[in-house]
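Spelled out from the first residue to the last, the chains are:
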Amino acid sequence: MDVIQAIKERRSVNFFETGQEIPDEKLKQLLELSNLAPSSFNLQPWEVVLVRDPSKKKILRKCALNQAKVEDASVVLIILANPKAVEQNLSRVMNSWEELGYMKPEMRQTYTDMIRNLYGSEESVQRKLFAAKNAALFAMNLMTAAKGLGLDTHPMDGFDEECVKREFHIPQEMIIPMLIAVGHVRSGTTLLPRALRRDLKEFMKLESYEKPS
Ligand SMILES: Cc1cc2nc3c(=O)[nH]c(=O)nc-3n(C[C@H](O)[C@H](O)[C@H](O)COP(=O)(O)O)c2cc1C
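Report on the accompanying structure. Keep in mind the model is a prediction, meaning the values are calculated, not measured. (Residues numbered from 1 in each chain as written. Predicted model: local features only at pLDDT ≥ 70, side-chain atom pairs only at ≥ 80, totals over all residues. Heavy atoms only, no water.)

Contact geometry for helix α2 (residues 24-34) and helix α7 (residues 125-148): axes closest at 8 Å, N-to-C directions at 135 degrees. It follows that α2 is oblique to α7 by the angle criterion. In this structure, α2 meets α7 at a crossing whose hand is right-handed. Residues L30, L31, L33 and S34 of α2 form the contact with α7, whose participating residues are F138, N141, L142, A145 and A146. Of the residues that constitute the contact of α2 with α7, the class distribution is seven nonpolar, two polar and no charged. (Axes fitted to C-alpha atoms, helices over the stretch in contact; angles between N-to-C directions. Helix = DSSP H or I, 4+ residues; strand = E, 2+ residues; numbered from the N terminus. Parallel < 35°, antiparallel > 145°, perpendicular 65-115°, else oblique. Left-handed = near helix turned anticlockwise from the far one by under 90°. Contact = heavy atoms within 4.5 Å. Nonpolar A, V, L, I, M, F, W, Y, C, P; charged D, E, K, R; others polar.)

Below, the structure is given as structure tokens:
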């Protein structure tokens, strides 16, 4: 399936075929494709918890407004955004830049200062935004890649973040931008047509917003 078709055919699927496993190899492929998402300074501030065990899915469903798809889907991914990825990944990322010729060694300190300045302290709002926006790109890549691999998905932010953190032992500093249910649409399900998408002219501004008069 080409990427345009995958984008057009991806839908948030409410009804999943139950009792269907996704082979480990396919899940691995899905996560490796998702991991090719771009990120700020290539810092990749995402992590993912794979929830497949039926008893764990039951718990997750309780944290997620009792949404049945959490229990029905083959696997539910808890997408995590890690504000500490700057400290955790910067050095490795810069090593690879040096090795591959993206950056001269003498620029290392300049980049380090720039990145720390841009994203603030570990607890800052900039840091949370940095983590959440990049993890969302990972998530979108995942949903498109899933479609290309013949899988269906459903993103969710209808959940209690504290409940998910508590039940799945997720460190407090992490942000959970969304859960994504992954599986196969239940056979016999007819999806409603795609709902409203705004016309291009509603959200596209040419060159700038109109100057206020
Ligand atoms: C971040 C995010 C969170 C969402 N949370 C929920 C949710 O908790 N429950 C739900 O039924 N749908 C949820 N949705 C699905 C949207 O309602 C859906 O994407 C939208 O209606 C467009 O439909 P489509 O994905 O089929 O194009 C969420 C979507 C996104 C992107």
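Evaluation of the coordinates by the stated rule reveals one disulfide. Between C63 and C163 runs a disulfide, and the two sulfur atoms are separated by 2.0 Å. Of note, the bridge from C63 to C163 carries an S-S torsion of about -65 degrees and is left-handed in sense. Taken as a pair, C63 in helix α3 (residues 54-63) and C163 in helix α8 (residues 161-167) lie far apart in primary sequence, 100 residues in all. Judged by its relative accessible area of 3%, C63 is buried. (Disulfide = S-S within 2.5 Å. Buried < 20%, exposed > 50% of the residue type's maximum accessible area, 1.4 Å probe, protein only.)

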